[in-house]
Amino acid sequence: MPAKNLDEIMSFCRRRGFIFQSGEIYGGLQGVYDYGPLGVELKNNLKAAWWRANVYERDDIVGLDSSILSHQKVFAYSGHEATFADNMVDCYDCKHRWRVDHLVDGKCENCGSKNLTEPRPFNMMFKTRIGPVEEGAAFAYLRPETAQGIFVNFKNIVDSTFQKLPFGVAQIGKAFRNEITPRNFIFRVREFEQMEIEYFVKPGEDETCHEDWVKARVAWWLEQGLAPENLKLFTQPQEELAHYAKKTVDILYNFPHGFEELEGIANRTDYDLGSHSKEQATLNIQAKVVPNHDSNTKLNILDVKTNEFVVPFVIEPSAGVDRGVLAILVESYVEETLEDNKKRVVLKLKPHLAPIKVAVIPLARNNSDIVAKAKAIRKQIQTLGVGRISFEDTGNIGKSYRRHDEIGTPLCVTVDFDTIGKDGNAELLNTVTVRERDSMQQKRVHLDQIDNYIRKFF
């Protein structure tokens, strides 16, 4: 059976070193989390899988890593200063503050009171001072999304890489939103990471491209191990669209707290490139745009077929890394009852996502020959480049297997007395026992074949 609730996942993540609350020794910082030794491996593996699928396996997408600190004018002209806000209320009785759209029946989530203030907008962007002098003009924003770094670098990318439409720019990076009420573990936090693509197309080809990206992104999440029945699509109603969007389709995942957004695929039209251009494009948007008198750049591209410059439309698949990690943990967490009525917890991660790919375990921790052999084997396997290989000499093989089941390690390699020839069986010399996580089946593999065995598994 899967995890019963989010509390179970949170407890598991803390116990096994996946995720900790930031500043826990001082009571914790709400809405901010740290990734532990196993969590950082899982997170990096998910990002690597996304980058591999969207950059390395395609020839029409390049990468970017833009700065977290962002010029104030970027978010003035993008519309975020004017529109990037949530309505909030305060409870007169218990003094807690809430987002209006999170309240049920207009009641305070803490005390149940309806004695609330009138809703008022709250801009969620973090400001920070630039330089030593504290004055109004000397500030920047911590970016609330990674997308604007791509848009303001559009001309730099086109000029330096000679891209032709359609093409995309991919970016993975941190973003910051001063959420009024962070909730549901790492689902809604103040500091998070995004995996975003801005895919530029000719105007008129945007709707078909949008549909194609929705299909592609669902297929990718299925490849990461999410079950089809736990995914569904939601087209945002017109009145709920972001200020830049013509259409947005959300991929929802069935988290323990219900179906919520895992990834959004938006048709941003020419809103962003037009907003940052010296001469604005004809913007297909619902929001009013302030004419840009500060930019000296035209963000357009030559259409080689018509020999005319156009401001492209953009399709944006944007996924939350943290939400992806949470979905994968929820999906893969399984409690099983074995034949002897004992229970085991197993994290049935796809092998490419597993924090530890192979655990090498000496059967006898006090035997120096076995330990030395196990360390040499671990070093040998590590050179294969499949990911992190762990050496573990707890002295209890059963507990080691259970621990690695629980943290999702696909393979355990046990080095015993037969491996080093101490039991006198010449046929087993230089062989090890390889145990698979999901089936718990064990197989004797010669060290001459262990590299190929592991390569085929991953």
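Read on for a plain summary of the structure. (Residues numbered from 1 in each chain as written. Predicted model: local features only at pLDDT ≥ 70, side-chain atom pairs only at ≥ 80, totals over all residues. Heavy atoms only, no water.)

### What about the overall build of the protein chain?
Per the secondary structure count, the protein chain includes 12 helices and 24 strands. Oriented by its inertia axes, the alpha-carbon framework of the protein chain measures out at about 85 × 65 × 50 Å. By residue count, 50% of the 458 residues in the protein chain fall in the buried class. By sequence separation, contacts in the protein chain at least 24 residues apart represent 64% of the contacts at least 6 residues apart. Each charge sign in the protein chain was given a centre, from 59 positive and 65 negative side chains, and these centres are 4 Å apart. (Helix = DSSP H or I, 4+ residues; strand = E, 2+ residues; numbered from the N terminus. Buried < 20%, exposed > 50% of the residue type's maximum accessible area, 1.4 Å probe, protein only. Contact = heavy atoms within 4.5 Å. Lys, Arg positive; Asp, Glu negative; His and termini not counted. Charge placed at Lys NZ, Arg CZ, Asp CG, Glu CD.)

### A look at the pattern of salt bridges
Under the criterion given, the structure shown has 30 salt bridges. Salt-bridge contacts for Lys246 lead to Asp206; the nearest nitrogen and oxygen are separated by 3.0 Å. Highlighted residues: Lys246 in the loop between strand E12 (231-235) and strand E13 (247-255) and Asp206 in helix H7 (residues 206-223), separated in sequence by 40 residues. Note that Asp405 and Arg435 form a salt bridge whose closest N and O atoms lie 2.9 Å from each other. On the criterion of sequence distance, the pair formed by Asp405 in helix H11 (residues 397-406) and Arg435 in strand E23 (residues 431-436) is long-range, its members being 30 residues apart. The buried category is assigned to Asp405, whose relative accessible area is 1%. Relative accessible area serves as the criterion here: at 3%, Arg435 is assigned to the buried category. Among the charged side chains, a salt-bridge network with shared partners connects Glu336, Arg344, Lys348, Arg402, Asp405 and Arg435. (Salt bridge = Lys/Arg side-chain N within 4 Å of Asp/Glu carboxyl O.)

### A short note on H11
Among all positions of H11, only Ser400, Tyr401, His404, Asp405 and Glu406 are buried. The N-capping residue of H11, defined by a side-chain oxygen 3.1 Å from the backbone nitrogen of Gly398, is Asn396. Immediately downstream of H11, the backbone of Gly408 shows phi near 90°, a positive value. (Polar contact = N/O pair within 3.5 Å; in protein donor to acceptor, adjacent residues only side chain to side chain.)

### Quick notes on helix H10 (residues 368-382)
Its 15 residues give H10 an end-to-end C-alpha distance of 21 Å, which sits within 8% of 21 Å, the value for a rise of 1.5 Å per residue. Taken together, the buried positions of H10 are Ile370, Val371, Ala374, Ile377 and Ile381. For H10, the angular spread of the buried residues around the axis is 125°, confining them to a single face. In this structure, H10 carries Ser368 and Lys379 as exposed residues pointing more than 90 degrees from its buried face. Tucked inside the fold, the buried residues of H10 contact strand E20 (358-362), strand E21 (389-391), strand E22 (411-415), E23 and helix H12 (450-457). (Expected span 1.5 Å × (residues − 1). Arc of directions from axis to C-beta.)

### Observations regarding the packing of aromatic side chains
Under the defined criterion, the tally for this structure stands at 15 aromatic pairs. Geometrically, the ring pair formed by Tyr199 and Trp213 is edge-to-face, given 5.5 Å between the ring centres and 65° between the ring planes. Separated by 14 residues along the polypeptide, Tyr199 in strand E11 (residues 191-201) and Trp213 in helix H7 bring together distant segments of the chain. Since its relative accessible area comes to 6%, Tyr199 is described here as buried. A relative accessible area of 4% means that Trp213 is categorised as buried. Aromatic ring contacts, followed pair by pair, group Phe151, Phe154, Phe167 and Phe200 into a single cluster. Positioned above the aromatic ring of Phe139, the side-chain terminus of Lys127 is 4.5 Å from the ring centre. (Phe/Tyr/Trp six-rings, centres within 6.5 Å; stacked < 30°, edge-to-face > 60°. Lys NZ or Arg CZ within 6 Å of the ring centre and 35° of its normal.)

### Here we look at the side chain of Asn45
Structurally, Asn45 can be placed in helix H2 (residues 37-56). Excluding residues that lie within four positions of it along the chain, Asn45 makes contacts with His352, Leu353, Ala354, Pro355 and Lys357.

### A few points about the nonpolar core
Ranked by internal contacts, the top residues of the largest apolar core, which has 54 residues, are Phe18, Trp221, Leu326 and Leu329. Among the elements that make up this core, the one with the highest residue count is helix H9 (residues 321-332) (7 residues). Other than its neighbours up to four places away in sequence, Leu326 contacts Leu6, Ile9, Asn184, Phe185, Ile186, Phe187 and Phe255. The next biggest cluster of nonpolar side chains, apart from the first, holds 19 residues, and it includes Ile381, Val415, Val445 and Tyr453. (Core = buried A, V, L, I, M, F, W, Y, C linked by side-chain atoms within 4.5 Å.)

### Remarks on the environment of His102
Secondary-structure assignment places His102 in the loop between strand E6 (97-99) and strand E7 (120-123). We classify His102 as buried; its relative accessible area is 13%. Through-space distance from the C-alpha of His102 to that of Thr181 is 8.6 Å; in sequence the pair is 79 residues apart.

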